[in-house]
Amino acid sequence: MPTKRWQSNRRVTNHTVGTGCPPYERHEKIMNNKNLYAAISAAFPADRSAIAIESADSSTGATLKPYSWRELDERTARIANLLASLDLPEGSRVAVQTEKSVEALMLYLGVLRAGYVYLPLNTAYQASEIEYFIGNAEPAVVVCSSKSLAWIQPIADAAKVTRVFTLDDAGGGTLVEAAAGHSATHTVVTKSGDDLAAILYTSGTTGRSKGAMLSHDNLLSNALTLKDYWGWSANDVLIHALPIFHVHGLFVASHCALLSSAKMIWFSKFDPNAVIARLPEATVFMGVPTLYVRLLSDARLNRDTCKNMRLFVAGSAPLLIETFNEWRDRTGHTILERYGMSETAMLTSNPYDAQHGERRGGTVGFPLPGVQVRVSGDKGESCPVGEIGGIEVKGPNVFSGYWRMPEKTKEEFTVDGWFKTGDVGKVDERGYVVIVGRSKDLIISGGYNVYPAEIEGYINDMPGVAESAVIGVPHPDFGEAGVAVVVGKAGSALDATAMLADLKSKIANFKVPKRVFIVDDLPRNAMGKVQKNLLRQQHAELFA
Ligand code: MLC
Ligand code: AMP
């Protein structure tokens, strides 16, 4: 099982910023309550009337509504009091599938504050997907948008969920109405560092999704490290344009800003037009590579629009070296690429401070302070510098296991307690981690993970289908895009368009392959295994 304490690591200490103990140890010495929200609220600025978050129009960038730190405090208190009034059992999960809004962020903070476990769900998930998550996590409370209530309520009822609330894009709904009747003051519930703060579902190469259990310590240690390492201060202004149901938008971006009393410009959806309109007043931007590709396609992106920026962070998927170089040429800024996972939050980062080294395109930088990274061969042997193997990690940020799946948890850790990421890479001669591929059969499309086995399962269940293979091929916008290659049963007449329409009605839209090819058979090796590498080669130029 993962270690709970900071590990000393010779290579890492070279890149540790500041002196003395790492930020979380400093924090531990002064805080008795290990609830992540206690640390967040302790970081609120003295002037509570200052603006914490400004929601902005997703297409024009115009300000919609400012929210002060006081409002953030009072409204999360009301939500926490509402949850407390429900008399939920200790450790109850609150499952949330709502559009992005400042109120949705407040809900996350309110759940932390009340000491319950937050379970965010991608807004693209459809009924069968939600049914699985709710059935598996057995939340006590479900929050969804009013427009989804008609199909989510029966799923919640079947799973014996005691309370279902609604929360809408504009911040209305039964959750906010019910919370309004509760007090605006609330004492943050005391938690130990090992208590669960969130469960993030992440798909598996086989079988159904697994819920990665993240503790208050996991999230706070990582957030404080990033805040220090990336030089955050109260003068920062973050453009927040990522979804808040995954690590990148919910934890990395929000936590850094909240723990620094920095302002966020909050977009419910990413649109390059709106982001470019607000870039001149921002200092930090975070995005998956697709966001950078789309921003580059706008001619207004230049040194002038980025004149106040100090940091562009990319991650969640590989950043092409062409994008890295073009960004530097156009804006004068070098993107800082970092690497992380749902199970671990952030693991490595290119240096922020030039004293610690240059930001090298095509690498994900050094292990973050307190994080250890090693590369292991097939037999578990340690790989020397420059040699490729499986990336394994340890640190206070690494999750404790998958929700109610002890066997899966055991499989993913080595006997000496390192988490096997499923990513394949090396550490180069200067200590930079380079990811070269994945041992897990996974497609990362626009920063979302798509597991071929899941999609193949849906296709194979369709009438007339004998078998299928779903592969990822290069895509100029999404980095990688899914393509399905399908073999029909003898005498069947498969219709690719109808198959796509069927998939769209069943699974999240980003999982639906961009193309379906009907073929006579799939290429196999001598062992009878489908040679997906040959299919990937064959379709490599499809979207070129
Ligand atoms: C949307 N579409 C996608 C897609 N997003 N297809 C493939 N991959 C994607 N990522 C498709 C939809 O299915 C739809 O198709 C069409 O595009 C328009 O949908 P949309 O919702 O309007 O798309 P858009 O708003 O343009 O979204 C694109 C995007 C979004 C890039 C902004 O995908 C996004 O926000 N990605 C970020 C994901 C993220 O935050 N990942 C972090 C994971 S954390 P159709 O056919 O129905 O019209 C993690 C750990 C770490 O990985 O290290 O950070
Ligand atoms: P998720 O399960 O959604 O958290 O996705 C985590 C996966 O995203 C990792 O295991 C990597 O495969 C991938 N990933 C995250 N950041 C990067 C990056 N900077 N470069 C390449 N892959 C990345």
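Source: prediction; values computed, not measured.

Cut-off values and rules
Residues numbered from 1 in each chain as written. Chains lettered and ligands numbered in written order. Predicted model: local features only at pLDDT ≥ 70, side-chain atom pairs only at ≥ 80, totals over all residues. Heavy atoms only, no water. Helix = DSSP H or I, 4+ residues; strand = E, 2+ residues; numbered from the N terminus. Buried < 20%, exposed > 50% of the residue type's maximum accessible area, 1.4 Å probe, protein only. Contact = heavy atoms within 4.5 Å. Lys, Arg positive; Asp, Glu negative; His and termini not counted. Charge placed at Lys NZ, Arg CZ, Asp CG, Glu CD. Pairing = 2+ DSSP bridges. Axes fitted to C-alpha atoms, helices over the stretch in contact; angles between N-to-C directions. Near = heavy atom within 4 Å. Polar contact = N/O pair within 3.5 Å; in protein donor to acceptor, adjacent residues only side chain to side chain. Areas by Shrake-Rupley, 256 points an atom, 1.4 Å probe, with all protein chains shown as cover. Arc of directions from axis to C-beta. Core = buried A, V, L, I, M, F, W, Y, C linked by side-chain atoms within 4.5 Å. Nonpolar A, V, L, I, M, F, W, Y, C, P; charged D, E, K, R; others polar. Expected span 1.5 Å × (residues − 1). Right-handed = clockwise from strand over helix to strand, strands pointing away. Phe/Tyr/Trp six-rings, centres within 6.5 Å; stacked < 30°, edge-to-face > 60°. Lys NZ or Arg CZ within 6 Å of the ring centre and 35° of its normal.

S.K.: Before we go on, may I ask you to explain the overall build of the protein in this structure?
M.R.: Within the protein, the regular secondary structure consists of 17 helices and 25 strands. Taken along the three principal axes of its C-alpha coordinates, the protein extends 70 × 55 × 50 Å. Taken over 544 residues, the protein has a buried fraction of 58%. Excluding contacts between residues fewer than 6 apart, the proportion of contacts in the protein whose partners are at least 24 apart in sequence is 68%. With 56 positive and 58 negative side-chain charges, the protein shows a separation of 3 Å between the mean positions of the two kinds.

S.K.: Mind showing me how you'd approach the sheet that holds strand β25 (residues 515–519) here?
M.R.: Spatially, β23-β24-β25 is the arrangement adopted by the three strands of the open sheet, whose pairing is mixed. Because the sheet does not close on itself, it has two edges, and the strands there are β23 (465–475) and β25. With direction set aside, neighbouring strand axes in the sheet form an average angle of 25°. By the bridge criterion, five bridges tie strand β24 (residues 479–488) to β25 in an arrangement that is parallel.

S.K.: Can you help me understand the site of ligand 2 in this one?
M.R.: Residues in close proximity to ligand 2 total 18 residues, the closest being Arg338, Ser342, Asp423, Lys440 and Asn449. The contact in question runs from a nitrogen atom of ligand 2 to an N or O atom on the backbone of Ser316, over 3.1 Å. One of the side-chain N or O atoms of Lys440 is found 2.7 Å from an oxygen atom in ligand 2. Relative to its unbound accessible area of 500 Å², ligand 2 is 92% covered by the protein chains. The set of elements that each furnish at least two residues to the shell around ligand 2 consists of β13 (336–341) and β20 (433–438).

S.K.: I'm lost on helix α13 (residues 321–331) in this one. Help?
M.R.: Structural remark: α-helix, 3.6 residues per turn; residues separated by three or four positions point the same way. Taken together, the buried positions of α13 are occupied by Thr323, Phe324, Trp327 and Thr331. All buried residues of α13 fall inside an arc of 100° around its axis, so they share one side. For α13, the exposed residues set more than 90 degrees away from the buried face come down to Glu322 and Asp329. In this structure, the buried residues of α13 make contact with α12 (289–296) and β12 (311–314). Gly332 lies just past α13 and shows a positive phi near 80°.

S.K.: Would you take a moment to explain the nonpolar core for this structure?
M.R.: Note on soluble globular proteins: their nonpolar side chains tend to be buried together. Residues Tyr108, Trp230, Phe285 and Met286 are the most contacted members of the largest nonpolar core, which totals 163 residues. A per-element tally of this core places helix α5 (residues 102–114) first, with ten residues. Setting aside its immediate chain neighbours within four residues, Phe285 contacts Leu238, Ile239, Ala241, Phe270, Val275, Leu291, Tyr292, Leu295, Met309, Leu311, Phe312 and Val313.

S.K.: Where do I start with the sheet that holds strand β19 (residues 419–427) in this structure?
M.R.: Read from one edge to the other, the open sheet built from four strands follows the order β16-β17-β19-β20, with strand pairing classed as antiparallel. At either margin of the open sheet sits one strand with a lone partner, and together these are β16 (372–376) and β20. Ignoring which end each strand starts from, the neighbouring axes of this sheet average 50° apart. Relative to strand β17 (residues 389–394), β16 is paired through five bridges, and the arrangement is antiparallel.

S.K.: Looking at this structure, how should I read the site of ligand 1?
M.R.: Contacts to ligand 1 come from 23 residues, most closely from Lys269, Arg294, Ser316, Arg338 and Ser445. At 3.3 Å from an oxygen atom of ligand 1 is found a main-chain nitrogen or oxygen belonging to Asn509. For ligand 1, the accessible surface in isolation is 1000 Å², of which the surrounding protein chains cover 77%. In terms of residue count, the dominant contributor to the shell around ligand 1 is α12 (three residues). Tallied by class, the residues present in the shell around ligand 1 amount to nine nonpolar, nine polar and five charged.

S.K.: How should I be thinking about the pairing of strand β8 (residues 210–215) in this particular structure?
M.R.: Two faces make up the sheet, and in a regular strand the side chains alternate between them. Counting buried residues in β8 gives six out of six residues, a clear majority hidden from the surface. By the alternation rule, side chains of β8 split into Lys210, Ala212 and Leu214 and Gly211, Met213 and Ser215, which are all buried. Summarising the sheet, strand β7 (residues 196–202) and β8 pair through six bridges and their orientation is antiparallel. Note that in β8 the partner of Tyr201 across the bridge is Gly211. Both β8 and strand β18 (residues 401–402) contribute to a ladder of two bridges, which runs antiparallel. Following the sheet pairing, Ala212 is matched in β18 by Tyr402.

S.K.: What am I meant to see in helix α9 (residues 216–229) here?
M.R.: Look at α9: 20 Å from first C-alpha to last across 14 residues, which is about the 20 Å you get at 1.5 Å a residue. Across the 14 residues that make up α9, a large majority, twelve, are buried. Buried within α9 we find His216, Asp217, Asn218, Leu219, Leu220, Ser221, Asn222, Ala223, Leu224, Thr225, Leu226 and Tyr229.

S.K.: Please explain the pairing of strand β9 (residues 237–240) as it appears in this structure.
M.R.: Both faces of β9 are covered, namely the face carrying Val237 and Ile239 and the face carrying Leu238 and His240. The sheet contact formed by β9 and strand β10 (residues 263–267) spans four bridges and is parallel. By the bridge assignment, Ile239 is partnered in β10 with Ile265. Between the parallel elements β9 and β10, the chain passes through helix α10 (residues 247–259) in a crossover that is right-handed. Bridge count for β9 against strand β11 (residues 284–287) is two bridges, and the pairing is parallel. Its bridge partner lying in β11, Ile239 is registered against Phe285.

S.K.: What's the story with the environment of Phe165 in this structure? I'm lost.
M.R.: You can see Phe165 is positioned in strand β6 (residues 163–166). Of the residues examined, Phe165 reaches a relative accessible area of 3% and is grouped as buried. For Phe165 and Val176, which are eleven residues apart along the polypeptide, the C-alpha to C-alpha distance reads 8.8 Å. What Phe165 contacts, discounting residues up to four positions off in sequence, is Leu82, Leu86, Val141, Val142, Val143, Cys144, Thr174, Leu175 and Ala178.

S.K.: Help me understand the packing of aromatic side chains in this model?
M.R.: Aromatic ring pairs are reported here in terms of the distance separating the ring centres and the angle at which the planes meet. Under the defined criterion, the tally for this structure stands at 19 aromatic pairs. One aromatic cluster is present, built from ring pairs that chain together Tyr125, Tyr132, Phe133 and Tyr201. Here Arg360 stacks its cationic end above the ring of Tyr432, 5.0 Å away from the centre of that ring.

So far we have only geometry, and geometry alone does not tell us how the molecule works.
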